[in-house]
Amino acid sequence: MKRIRPDFYNEFHCIADSCTITCCQEWKIAVDPDTNRKWKKVSAPADVPEQKKNLSAYTEKKDGLRVIQLDSDHRCPFLSENRLCRLVTAYDDKILSETCTTFPREIHRFPCHIEETLMPCCPAVIDLLEQADASQFPDVPTECDTPLFQIRRNILRLLLPASSPVCSVEDYSIEPCSAEICSTEDLLLKIHYILQELYRNDSLDETLIRDYFSADTLSQLSDAIQSIHLPAEDTFFECNELLQDLAVNYQSEKLYCDFLNPIISLSEYISESATDFMHPISFPSLDTGTSLSELWSDFQIRFSEVQPLMLKFLANEIFSDLVTPDSHLEDLLIRIQWIALEYSAIRQSLFLQWLQNNRSTLTYEMVRRTLVIITRMTGYEEEDIRKYLTNSFEALIWDWGYFALILGH
């Protein structure tokens with residue numbers, strides 16, 4: 001069975017003690033049944049601070065899943081002070097659970113091919129995306145092609161038109177400079193509109209997909225989107241609330257405190273104090289008396305400087321998660337909503353950090369950390385995504401107007 005993977009996949013290696021955002025802290029580390037059975041016969045290394053009868057004794061059941069029980073600092077008990085795994089040091093990596101062995105790799109097994117991808121909740125993966133001149137995502141084998149893969153192929157060409165080999169311009173007539181003349185937000189608005197239109201159709205075939213992704217249709221869509229007034233004020237305050245909602249459970253569990261507490265405090269201050277987007281606002285301990293409107297406009301200029309990385313990040317999310325085994329078109333629509341929510345949370349988080357740093361540049365370290373933590377926070381399973389959207393919004397499937405509201409132009 002053929003395996004396909006992004007061109008940077010084989011370049012990944014764990015940066016271990018050089019990692020500043022370790023995967024051994026502040027989230028669930030699953031332990032599969034085979035590993036747990038093996039761990040019942042293995043003692044903990046001598047340098048583990050709290051000694052228990054065997055390795056399995058360091059696990060617990062949480063939300064129906066067996067996971068490693070984190071210590072009071074929300075760290076894996078096997079993580080040493082120098083950020084190395086005590087288990088690997090003592091027993092080599094064969095002792096690790098499946099999760100620890102494979103992370104951040106992700107594997108999807110389709111009927112006639114296998115896709116291997118890298119999740120962006122690892123800083124080393126963000127480094128690969130940043131360093132790549134043009135991230136390339138391969139197409140599925142011809143015999144495995146389906147309408148859903150055809151949709152993904154065209155979306156990737158929209159995001160990375162100059163680099164993606166998945167579809168030639170001659171084949172689909174997509175404007176080769178789409179991403180250069182459209183903002184990332186406008187590209188996502190196009191994608192969502194097309195997915196909604198395809199979802200409403202009774203039949204889905206290659207001809208219909210070609211039509212919606214044709215140069216003429218995309219040009220008309222661009223004109224229509226540009227003509228729509230999307231008030232920046234509405235987008236800003238909606239995204240401010242979305243970020244607070246996303247963070248509430250993590251804060252209650254005291255996870256990602258160093259990252260979340262400062263920005264959520266500032267976010268809540270804005271929600272409580274900002275009565276007018278156009279009037280100057282003062283912030284405690286911050287050197288500013290400028291309106292949110294001006295601040296948001298200034299930030300957008302800074303944010304545009306990291307768009308090459310954001311486009312590669314989004315393309316990786318599309319390739320990895322848009323189409324999974326047993327997906328239907330509704331699943332693609334829900335996934336693009338989740339990606340848009342994720343993107344909006346990243347953008348809002350960066351705005352708040354930029355503001356806290358007295359409107360200095362968006363450093364690569366700041367962007368990298370934000371991408372990693374927000375994607376860890378949004379790394380839900382499909383069932384949990386549906387549950388979150390159902391509980392948090394008026395409908396599971398958003399209308400285009402709301403999608404446009406959280407993205408803006």
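Predicted model, so just to flag it, every value in this text is computed and none were measured. The residue numbering used here restarts from 1 in each chain and proceeds along that chain's sequence as written. Owing to the predicted nature of the model, reporting of local features is limited to residues with pLDDT of at least 70; listing and counting of side-chain atom pairs is limited to 80 or more, with chain, interface and lining totals taken over all residues. As a rule here, side-chain values cover all heavy atoms of the structure and leave hydrogens and water aside.

Draft legend 1. Region of interest: helix 16 (residues 364-377). Every helix listed is a DSSP run of H or I at least four residues long, and every strand listed is a run of E at least two residues long, numbered separately from the N terminus. To estimate how far a helix should extend, the number of its residues minus one is multiplied by 1.5 Å. For helix 16, which comprises 14 residues, the first-to-last C-alpha distance of 20 Å matches the rise-based estimate of 20 Å (1.5 Å per residue) to within 8%. Where burial is concerned, most of helix 16 is hidden: 11 out of the 14 residues are buried. Within helix 16, the full set of buried residues consists of Met-366, Val-367, Arg-368, Thr-370, Leu-371, Val-372, Ile-373, Ile-374, Thr-375, Arg-376 and Met-377. Looking at the buried positions of helix 16, the neighbouring elements they touch are helix 4 (123-131), helix 11 (232-252), helix 12 (257-273), helix 14 (307-322) and helix 15 (329-356). Whether a residue is buried, partly exposed or exposed follows from its accessible area with a 1.4 Å probe, protein chains only, as a fraction of its type maximum: under 20%, in between, or over 50%, in that order. Only heavy atoms matter for contacts: two residues are in contact if any of them lie within 4.5 Å across the pair.

Draft legend 2. Quick peek at the nonpolar core. Definition used in this section: a nonpolar core is a set of buried Ala, Val, Leu, Ile, Met, Phe, Trp, Tyr and Cys residues joined via side-chain atoms within 4.5 Å. Core analysis: the largest hydrophobic core is formed by 114 residues, its most contacted members being Leu-159, Ile-270 and Phe-351. Counting 15 residues, the second-largest nonpolar core is a separate cluster that includes Trp-39, Leu-55, Leu-79 and Ile-95.

Draft legend 3. Main features of the pairing of strand 5 (residues 113-118). Counting buried positions along strand 5 gives 6 out of 6 residues, so the element sits mostly inside the fold. Burial along strand 5 is two-sided: His-113, Glu-115 and Thr-117 facing one way and Ile-114, Glu-116 and Leu-118 facing the other are all buried. Sheet topology places strand 1 (residues 2-4) next to strand 5; 3 bridges connect them, and they run parallel. Residue pairing for strand 5: Ile-4 is matched across the bridge by Glu-115. Two elements, strand 4 (residues 105-109) and strand 5, share 5 bridges in a ladder whose sense is antiparallel. Paired with Arg-109 across the two strands is Ile-114, which belongs to strand 5. Turn length for the strand 4-strand 5 hairpin, with the two strands adjacent in sequence and antiparallel, is 3 residues. Note: two strands are recorded as paired if DSSP finds a minimum of 2 bridges between them.

Draft legend 4. Local environment of the pattern of salt bridges. What counts as a salt bridge is simple: a side-chain nitrogen of Lys or Arg found within 4 Å of a carboxyl oxygen of Asp or Glu. The full count for this structure, using the stated rule, is 16 salt bridges. Arg-210 is the salt-bridge partner of Glu-206, the closest N and O atoms lying 3.5 Å from each other. With Glu-206 and Arg-210 both in helix 9 (residues 206-212) and 4 residues apart, this pair spans about one turn of that helix. Residue classification places Arg-210 among the partly exposed residues on the basis of a relative accessible area of 36%. Salt bridges linked by common partners bring Arg-3, Arg-5 and Glu-116 together as one network.

Draft legend 5. Spatial organisation of unusual backbone geometry. Each neighbour pair has its own omega, and for Phe-103 with Pro-104 the value is 5°, a cis peptide bond. Tracing the sequence through the fold places Pro-104 in the loop between helix 3 (98-102) and strand 4. With a phi close to 55°, Tyr-256 is a non-glycine residue in the positive phi region. Along the chain, Tyr-256 turns up in the loop between helix 11 and helix 12.

Draft legend 6. Structural context of helix 10 (residues 215-227). Between its terminal C-alpha atoms helix 10 stretches 18 Å, which fits the 18 Å expected from 13 residues at 1.5 Å a residue. Where helix 10 is buried, its residues meet helix 5 (147-159), helix 8 (184-200), helix 9 and helix 18 (400-407).

Draft legend 7. How the structure looks around the side chain of His-192. Assignment of secondary structure puts His-192 in helix 8. The contact partners of His-192, leaving out residues within four places of it in the chain, are Leu-333, Ile-336, Gln-337, Trp-398, Asp-399, Trp-400 and Phe-403.

Draft legend 8. A look at the side chain of Asp-127. Relative to the helices and strands, Asp-127 resides in helix 4. Taking the relative accessible area as the measure of exposure, Asp-127 reaches 17% and is therefore buried.

Draft legend 9. Spotlight on the packing of helix 11 against helix 15. Axes here mean lines fitted to C-alpha atoms, for a helix over just the part in contact, with angles spanning 0 to 180 degrees between N-to-C directions. Contact geometry for helix 11 and helix 15: axes closest at 9 Å, N-to-C directions at 100°. Our classification of the angle between helix 11 and helix 15 gives roughly perpendicular. Mapping the contact onto sequence places Thr-235, Phe-236, Cys-239, Asn-240, Leu-243 and Leu-246 in helix 11 and Leu-341, Ser-344, Ala-345, Arg-347, Gln-348, Ser-349, Phe-351 and Leu-352 in helix 15. Each angle receives one of four descriptions, namely roughly parallel if under 35 degrees, roughly antiparallel if over 145, roughly perpendicular if within 65 to 115, and oblique otherwise.

Draft legend 10. Local environment of the state of the cysteines. A pair of sulfur atoms, both from cysteines and within 2.5 Å, is called a disulfide here. Summed over all chains, the structure comprises 1 disulfide. There is a disulfide in this structure between Cys-112 and Cys-144, and the S-S distance comes to 1.9 Å. Here Cys-144 lies in the loop between helix 4 and helix 5 and Cys-112 lies in the loop between strand 4 and strand 5, a separation of 32 residues in the sequence. Owing to a relative accessible area of 5%, Cys-144 belongs among the buried residues under this scheme. Summary of cysteine pairing: Cys-14 is not part of a disulfide, and the nearest cysteine sulfur, belonging to Cys-23, is at 6.2 Å.

Draft legend 11. Quick peek at the sheet that holds strand 5. Pairing within the open sheet is mixed, and its 3 strands lie in the order 1-5-4. Each having just a single partner strand, strand 1 and strand 4 make up the two edges of the open sheet. With direction set aside, neighbouring strand axes in the sheet form an average angle of 20°.

Draft legend 12. Region of interest: the packing of helix 8 against helix 14. Running from N to C, helix 8 and helix 14 point in directions that differ by 25°, and their axes come no closer than 11 Å. By the angle between their directions, the pair helix 8 and helix 14 is classed as roughly parallel. Along its contact with helix 8, which presents Thr-184, Leu-187 and Leu-188, the element helix 14 presents Gln-307, Leu-311 and Leu-314. Broken down by class, the residue content of the contact of helix 8 with helix 14 amounts to 4 nonpolar, 2 polar and no charged. Side-chain classes follow a simple rule in which Ala, Val, Leu, Ile, Met, Phe, Trp, Tyr, Cys and Pro form the nonpolar group, Asp, Glu, Lys and Arg form the charged group, and the remainder, Gly included, forms the polar group.

Draft legend 13. Representation of the packing of aromatic side chains within the structure. Whether two aromatic rings pair depends on their centres lying within 6.5 Å, for rings of Phe, Tyr and Trp, where Trp uses its six-membered ring; planes under 30 degrees apart make the pair stacked, over 60 edge-to-face, and the rest tilted. Here the structure, examined in full by the defined rule, presents 27 aromatic pairs. Plain terms: the ring middles of Phe-299 and Phe-303 are 5.5 Å apart, the flat faces sit at 15° to each other, and that makes the pair stacked. Highlighted residues: Phe-299 and Phe-303, both in helix 13 (residues 292-304), separated by 4 residues, approximately one helical turn. Exposure remark for Phe-299: the relative accessible area of 0% places this residue in the buried category. Taken together, the aromatic side chains of Phe-236, Phe-237, Phe-277, Trp-296, Phe-299, Phe-303, Tyr-343, Phe-351 and Trp-354 make up a single cluster linked through ring pairs. The residue whose ring lies beneath Arg-376 is Trp-27, and the NZ or CZ to ring-centre distance is 4.7 Å. The criterion for a charge sitting over a ring is simple: Lys NZ or Arg CZ within 6 Å of the ring centre, and within 35 degrees of the ring normal.

Fair warning: the whole summary comes from geometry, so function is off the table for now.
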